[in-house]
Amino acid sequence: MSEVLLDIKNLKTSFRIKDHHYAAVDDVTLTVKKNEVLAIVGESGSGKSAFAFSIMGLHTRAKIEGEINYKGSNLVQAGPNQMKKLRGKEMGMIFQDALSALNPLMVVGAQIDEAIFLHNPKSSKNLRKLQVINLLNQVGIPRPEKTYHQYPHELSGGMRQRIVIAMAISNQPELLIADEPTTALDVTIQSQILDLIKELKETIHAGIILITHDLGVVAEMADRVAVMYAGQIVEIADVYTLMENPQHPYTRSLLNSIPTLNDVKEELHVIQGVVPSLQNLPRTGCRFASRIPWIEESEHEASPELHEISPGHYVRCTCYKDFYFPEQAEEERNYVAN
Amino acid sequence: MWKLIVRRTLITIPQIIVLSILVFILAQAMPGDALTGLIDPNIDPATIEAMRERLGLNNPWYVQYIDWVKGVLQGDFGQSFRFKMPVSELIGERMINTLWLSLATLILTYLIAIPLGIISGRFNDTWLDRAITGYTYIGFAAPLFIFALVMLFIFGFQLGWFPTSGSVAPGTEPGTFAYFISKLNHLLLPALSMALITTVSTVQYLRSEIIDTKQKDFIVTARAKGSSESRVYNRHVLRNSLLPIAAFFGYEITGLIGGTIFIENIFGYPGMGELFLSSISLRDYSVMTALVLLFGLAAIIGALLSDIILSLVDPRIRIK
Amino acid sequence: MSLIEVENLKVHFPVRGGVFQTVKDHVRAVDGVSFSIEQGQTYGLVGESGSGKTTTGRAIIGLNDITSGKVMFEGRDLASVSKKEYIDVRKDIQMIFQDPFSSLNPKKRVADIVAEPLRNYENLSPKEERVRIQELMELVGLSPESIYKYPHEFSGGQRQRIGIARAIALNPKLIIADEPVSALDVSVQAQVLNFMREIQKELNLTYLFISHDLGIIRHMCDHIGIMYKGRYVEHGTSEEIFTNPQHIYTKRLIAAIPDSNPRNREMHYENRKLVKTEYDKLEKDFFDEEGLPFSLKSISATHQVALPERG
């Protein structure tokens, strides 16, 4: 078993909206190991990005409680100076929209250079330039010397994302957080970027947290998967278990609702209702209950916990046990009637 | 990029032509002509008519226009009938005074706007920000001429810290240090009065630029790289927010023109603005048209400068 | 006869430059596209950003000027019909936009948004109009009372339904759907896609479905055209394109789609590398000097591929 890199316990991130604090991340406990890709899956409003920002300490106005244990210290308690030293050095972050994530008024080379300089202020300029060129090579940019002096708007979307990745790995981080790294990209570029991240993982040996809504990306990339709904983890398992034997109603619904190339379904499963907004999150009981109203209330737990149903496979609430899709229910009823 | 600048500069040519035609029409619409006021009214009308013919005043308007443009290009704006001297000479010495006043105002405007805008933008919604925005609202609301009068009353008459009229103390020798200090002393109060009022729009502009830039994704990227807060502000927020301010510079010049007209009159400062109002009240039409033309030119050049500065500093425009 | 036939459609945008902003060149956004759609079918137009798929859709509905080529709707050439006839045709072709957040005017009530096409084309009394709108709302699965709400009071999926209600208000025959679900969450996507198929059956609608998501295209479409740099690289039935792709670009596109089975991961990765090597090797043969695909050649009755020119 590989070593635990990040140990998060009962993490709670709340935002203040008019005198009330609302938790966007509510009691999340998980670990990230060295050399593994942990995917966090969820829809918008699930709290997955708020979770990533909490680890990096990038929230400017949020209340963060719980523990983020990294190398023996709790980052929730860490001061700005300690975080500053970790960010960009031991923890790198890849953003979704590379165009807005890059400063439009700086050549991309200088932006990568800044990332190196901040953590090696005594390094020589020439040496850093060599390092930047090397990084650009490493992320597959064809003419690094030329690209160094270009501005973000002069590059294509795929190239910009490579720049953002180069910046994130410039100090060989131990933890890499990729927040929807390919959502804004075309499919062929997406596959190139995903392959790049995979190849980099082999060379930099970092633990990677991959945040995505795309279950296809999860299947391609992840070692372990945590599914988030309404600020909580509802299921966590290794990728094979999760994709082949999903248990939580939300995970199962999600998997049934995407069209795939392998099996052409006549009808896609529709999850009833809407993702609740932060202020309207149900805070007691099973948070998914309102979207599976055909499941009896007694099937849910009063205060749902994560249950380890097989080694490493955790599912929240008890409602998964007797969960069925309503269409199946109808078929069953018809069967009984005949 | 040079193509952009050339194109932008070419655009000013039709602008200037339209301006000159407007000014010419204005001049023609004024009662009297170049001979009015120069000539004894008792001279025989036939002689006057002959003179008119000789001077080309009976030519069709476009010939007159071309003659006028030729004259203007050589610096000939005609005669001021009040001062009995060439308009160009009259304006020449006033122009220097106005240039100094404008320059001082510009410097003060930025000296006030940049720190206030930065503080207000960076620490928005703190009491400090509220105090600064409060000041800008007062600035927006207060009419410049009333404010200037109050300043003149307090610092000029009551406290006596500054001279209350003129551009230099009489009797000082041009070129000496005392002359320079005296000039500066005369300049300071009018410049400060104007700057305190005109700066508020720049403060507001900078404030909202900073608040806007603060929320950009690349600021998060900068933090994620491990930049300290001060570095985030100095390297990323400030640079990107000052850029539109730099472009604002040209328009600032345009705003100054309006300002100097009030200020120079209130402080009795002998500049173009003061000359403009007095020539209106004295019906000195040749001076008036020359000044309108110059003010118009300044506005056109100001806008041109803005666009050129922006194309120089913003790579998104520079590199296409 | 097909409902709509597009013949050698070209949309070129002028590129201006130099000191006097003269036309220096043209961007060939759409450069010779032909296809036809039968009544009641869904035709998928696939391509990456900049392939010209959106421009094609916009040109058909008249939002982009057509440089050359023909658009025949029910046998009538749209370029040569009279103004009055054109207004009729415009009623029959409607569009659903990508972003349900910006395509609905935030200051208007839903009733006014949905009524807009009715007011433009039909003279209904206020009462008739209200009845019609309530019917439409019911049809798209929103409660009839919600017509007095504003767009921001709805979720993304509901907003897209409002957009659809607006599009079907005039009983159109063809709907051009430009990335109708790409701005929506996964679970909401399914809702909108299912619903689009339902009303297709109910109203006998024909769809031109523009998307970059091949999974959704496969789910929705009967025929598919793959575009690259304004031209077609391949055209065929859904089955042909996905199980028997012939053009190296199509192969690469399909290989790039993530496989939803994690056990195929290695295989898929290797396959992608293989396709990439093939692509790099054959790139010169499959594209002309300008990097554009050649013209289509039939390899079966329904399947056309932009294969290399012989000789």
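Fair warning: this is a prediction, and the values are worked out from it, not measured in the lab. Each chain carries its own residue numbering, running from 1 in the direction its sequence is written. Chain labels run from A onward and ligand labels from 1 onward, assigned in the order the entries are written. Per-residue local features are limited, in this predicted model, to residues with pLDDT of at least 70; the limit for side-chain atom pairs, both in listing and counting, is 80 or more; totals at the level of whole chains, interfaces and linings are taken over all residues. Here the side-chain values reflect all heavy atoms present in the structure, with hydrogen atoms and water set aside.

The secondary structure listing takes helices from DSSP runs of H or I that are at least 4 residues long and strands from runs of E that are at least 2 residues long, numbered from the N terminus. Within chain B, the regular secondary structure consists of twelve helices and two strands. Helices (α) and strands (β) of chain B occur, in sequence order from the N terminus, as α-α-α-β-β-α-α-α-α-α-α-α-α-α. Taken over the C-alpha atoms alone, chain B extends approximately 90 × 55 × 40 Å along its principal axes. Per-residue accessibility, obtained with a 1.4 Å probe over protein chains only, is compared with the maximum for each type, and a residue is labelled buried under 20%, exposed over 50%, and partly exposed between these values. Per-residue burial for chain B yields a buried fraction of 41% across its 320 residues. Reported accessibility uses the Shrake-Rupley method at a 1.4 Å probe radius. Residues are deemed covered only where the shown protein chains occlude them. A total accessible area of about 16,500 Å² is found for chain B, and carbon and sulfur atoms account for 69% of it.

Before going further, it helps to examine the interface of chain C and chain A. In what follows, a contact means two residues having at least one pair of non-hydrogen atoms within 4.5 Å. Across the contact, 35 residues belong to chain C and 43 residues belong to chain A. Here the quantity called buried area is the total loss of accessible area, with a 1.4 Å probe, experienced by two parts when brought into contact, counted for both. Of the roughly 3,500 Å² buried between chain C and chain A, counting both surfaces, carbon and sulfur atoms make up 52%. Of all residues in chain C, the largest losses of buried area upon contact with chain A belong to V186, S187 and R265 of chain C, amounting jointly to 18% of the total for that side. The rule for a salt bridge is simple: a side-chain nitrogen of Lys or Arg has to be within 4 Å of a carboxyl oxygen of Asp or Glu. Inspection of the region where chain C meets chain A yields four salt bridges. The closest approach of N and O atoms between R272 of chain C and E220 of chain A, which form a salt bridge, is 3.6 Å. Polar contact is the term for a pair of N or O atoms within 3.5 Å; when the atoms are in protein, one must be able to donate a hydrogen and the other to accept it, and sequence-neighboring residues count only if both atoms are side-chain atoms. Our count for the contact surface shared by chain C and chain A stands at eleven residue pairs in polar contact (both at pLDDT 80 or more). Listing elements by their share of the side of chain C that touches chain A, those giving two or more residues are α6 (186–203), α7 (214–220), α9 (248–256) and α10 (265–286) of chain C. Considering every element that reaches the side of chain C that touches chain A, the biggest residue donor is α6 of chain C, with nine residues. Looking at the side of chain C that touches chain A residue by residue, the class counts come to 13 nonpolar, eleven polar and eleven charged. Charged residues are taken to be Asp, Glu, Lys and Arg, nonpolar residues to be Ala, Val, Leu, Ile, Met, Phe, Trp, Tyr, Cys and Pro, and polar residues to be all remaining types, Gly included.

All names here are of chain C. Pairing between two strands is assigned when DSSP locates at least 2 bridges connecting them. Pairing geometry for strand β1 (residues 4–17) and strand β4 (residues 68–73), over five bridges, is antiparallel. Bridging across to β4, V6 finds its partner in V71. Taken together, β4 and the strand that follows it, strand β5 (residues 76–77), pair antiparallel across an intervening segment of two residues, in which E74 is found at a positive phi of about 50 degrees.

As a further point, take the side chain of S102 of chain B. Residue and element names in this part refer to chain B. Within the element layout of this structure, S102 appears in helix α4 (residues 87–122). Residue S102 is classed as buried on the basis of its relative accessible area of 15%. Beyond its immediate stretch of four places on either side in the chain, S102 contacts L256 and T260.

A word on the pairing of strand β6 (residues 93–96) of chain C. All names here are of chain C. Burial along β6 is two-sided: the residues I93 and M95 and Q94 and I96 are all buried. Of the strand pairs in this sheet, β6 and strand β7 (residues 174–178) are connected by four bridges, and their pairing is parallel. When the sheet's bridge partners are listed, I96 is paired in β7 with A177.

What follows concerns the pattern of salt bridges. In this structure the tally under the stated criterion is 39 salt bridges over all chains. Here E36 of chain A makes a salt bridge to R224 of chain A, at a shortest N to O gap of 2.8 Å. Of this pair, E36 of chain A sits in the loop between β2 (20–33) and β3 (37–41) while R224 of chain A sits in strand β9 (residues 224–229), and the two are 188 residues apart along the sequence. Given the relative accessible area of 7%, E36 of chain A is considered buried. Linking E278 of chain C and K251 of chain C is a salt bridge whose minimum nitrogen-to-oxygen distance equals 3.4 Å. Of this pair, E278 of chain C sits in helix α10 while K251 of chain C sits in helix α9, placing them 27 residues apart in sequence. Several salt bridges share partner residues, and in doing so they unite E74, R76, E85, D92 and K173 of chain C into one network.

All names here are of chain B. Annotation of chain B at the domain level lists domain 1 (20–85) and domain 2 (86–318). On the side of domain 2, 17 residues touch domain 1, which itself brings 17 residues to the contact. Carbon and sulfur atoms make up 76% of the area that domain 1 and domain 2 hide from each other, which totals about 1,600 Å². Put simply, domain 1 and domain 2 have zero salt bridges between them. Taken together, the links from domain 1 to domain 2 amount to one residue pair in polar contact (both at pLDDT 80 or more). Mapped by element, the contributors of at least two residues to the side of domain 1 that touches domain 2 are α1 (2–29), α3 (61–73) and β1 (79–80). Take the side of domain 1 that touches domain 2: its biggest share by element is four residues, from α1. Looking at side-chain class alone, the side of domain 1 that touches domain 2 contains eleven nonpolar, five polar and one charged residues. The domain limits used here are those given by an automatic or database domain assignment.

Residue and element names in this part refer to chain B. Look at helix α9 (residues 229–266): only 46 Å from first C-alpha to last across 38 residues, short of the 56 Å you get at 1.5 Å a residue. Along α9, the sharpest change in direction is near 40 degrees and occurs at L238. Phi turns positive, to about 55 degrees, at G268, one or two residues after α9. Expected helix span is taken as 1.5 Å per residue step, with the number of steps being one fewer than the number of residues. Note that the bend at a residue is defined as the angle between axes fitted to the seven residues ending at it and the seven residues starting at it.

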